[in-house]
Amino acid sequence: MSFFERKRREVPGLNTASLPDLIFTVLFFFMIVTHMKSYNVKVRYKVPEGTELSKDSHKASVVNVYIGAPLKANGIDSGKGTRIQVNKRIVALDEIADCIRMERDKMQPEDADRMTVAIQADRNTPMSIINAVKAELRKANALHISYTATSAKIAAGQRENAKPTRR
């Protein structure tokens with residue numbers, strides 16, 4: 001009967017020598033594909049609330065305009081009043097049109113065609129400043145404008161869940 005005995009076969013071990021190569025390849029892929037925001041906001045703003053909100057669909061063609069009070073830099077107050085920041089730079093009101101044109105020139109042609117300016121203004125910013133910014137955007141032929149806001153439902157929920165503070 002020894003003629004018909006079966007040998008027990010063992011499953012060979014899994015070779016993990018190429019696993020680090022695979023992990024680093026996936027890591028490099030995500031590092032190349034991911035788009036990171038490459039600038040810091042230099043103005044302080046509290047976003048207003050809204051009811052009819054939608055999301056931007058194409059982030060590569062968005063130019064952000066921040067309007068608000070200046071932040072303190074290194075503990076030094078950088079002045080009072082309202083400042084305007086276009087993507088990375090703080091600009092004066094009359095420089096906005098040139099700055100928007102420069103941002104459009106940096107974009108790919110298909111992104112430049114659908115360029116949107118996202119105005120992120122403090123809720124206490126006077127409408128005269130926002131209207132002046134919009135007039136400068138018209139000079140630069142940037143006619144697609146969106147306004148950033150938080151949902152009124154979300155903001156109301158945050159107020160209800162907030163703990164009262166003692167004074």
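Presented here is a report on the structure given in the accompanying data block. A quick note: this is a predicted structure, and the numbers were derived from the prediction, not measured.

1. Here's the deal with the packing of helix H2 (residues 96–106) against helix H4 (residues 127–139)
- Between H2 and H4, the least distance of the axes is 8 Å, while the angle of their chain directions is 50°. Viewed along their axes, H2 and H4 adopt a mutual orientation that is oblique. In terms of crossing hand, the pair formed by H2 and H4 is right-handed. When H2 is examined against H4, the residues Ile96, Ala97, Ile100 and Arg101 are found in contact with a partner set consisting of Val133, Glu136, Leu137 and Lys139.
- In the contact of H2 with H4, the residues fall into 5 nonpolar, no polar and 3 charged.

2. Section: unusual backbone geometry
- Phi angles above zero are rare outside glycine, and Asn87 is one such case at about 50°.
- Structurally, Asn87 is set in the loop between strand S4 (83–86) and strand S5 (89–91).
- Notably, Asn141 is not glycine yet its phi reads approximately 60°, a positive angle.

3. Examining the pairing of strand S3 (residues 62–70)
- The element S3 is extensively covered by neighbouring structure, given that 8 of its 9 residues are classed as buried.
- Inspection of the sheet shows strand S1 (residues 43–44) paired to S3 by 2 bridges, in the antiparallel sense. Residue pairing across strands places Val43 opposite Pro70, the latter belonging to S3.

4. A short note on the packing of aromatic side chains
- Counted by the stated rule, this structure contains 1 aromatic pair.
- Between Phe29 and Phe30 the ring centres are 5.3 Å apart and the planes differ by 70°, which places this aromatic pair in the edge-to-face class.
- Since its relative accessible area comes to 49%, Phe30 is described here as partly exposed.

5. Things to note about the nonpolar core
- The biggest cluster of nonpolar side chains holds 21 residues, and the ones touching the most others in it are Ile67, Ile100, Val117, Val133 and Leu137.
- The set of elements that each furnish at least two residues to this core consists of S3, S4, H2, strand S6 (116–121) and H4.
- By residue number, the principal contributor to this core is H2, which donates 4 residues.
- Residues in contact with Ile100, not counting those within four places in the same chain, are Val63, Val86, Met115, Val117, Leu137, Ala140 and Ala142.

Rules of the game
Residues numbered from 1 in each chain as written. Predicted model: local features only at pLDDT ≥ 70, side-chain atom pairs only at ≥ 80, totals over all residues. Heavy atoms only, no water. Axes fitted to C-alpha atoms, helices over the stretch in contact; angles between N-to-C directions. Helix = DSSP H or I, 4+ residues; strand = E, 2+ residues; numbered from the N terminus. Parallel < 35°, antiparallel > 145°, perpendicular 65-115°, else oblique. Left-handed = near helix turned anticlockwise from the far one by under 90°. Contact = heavy atoms within 4.5 Å. Nonpolar A, V, L, I, M, F, W, Y, C, P; charged D, E, K, R; others polar. Buried < 20%, exposed > 50% of the residue type's maximum accessible area, 1.4 Å probe, protein only. Pairing = 2+ DSSP bridges. Phe/Tyr/Trp six-rings, centres within 6.5 Å; stacked < 30°, edge-to-face > 60°. Core = buried A, V, L, I, M, F, W, Y, C linked by side-chain atoms within 4.5 Å.

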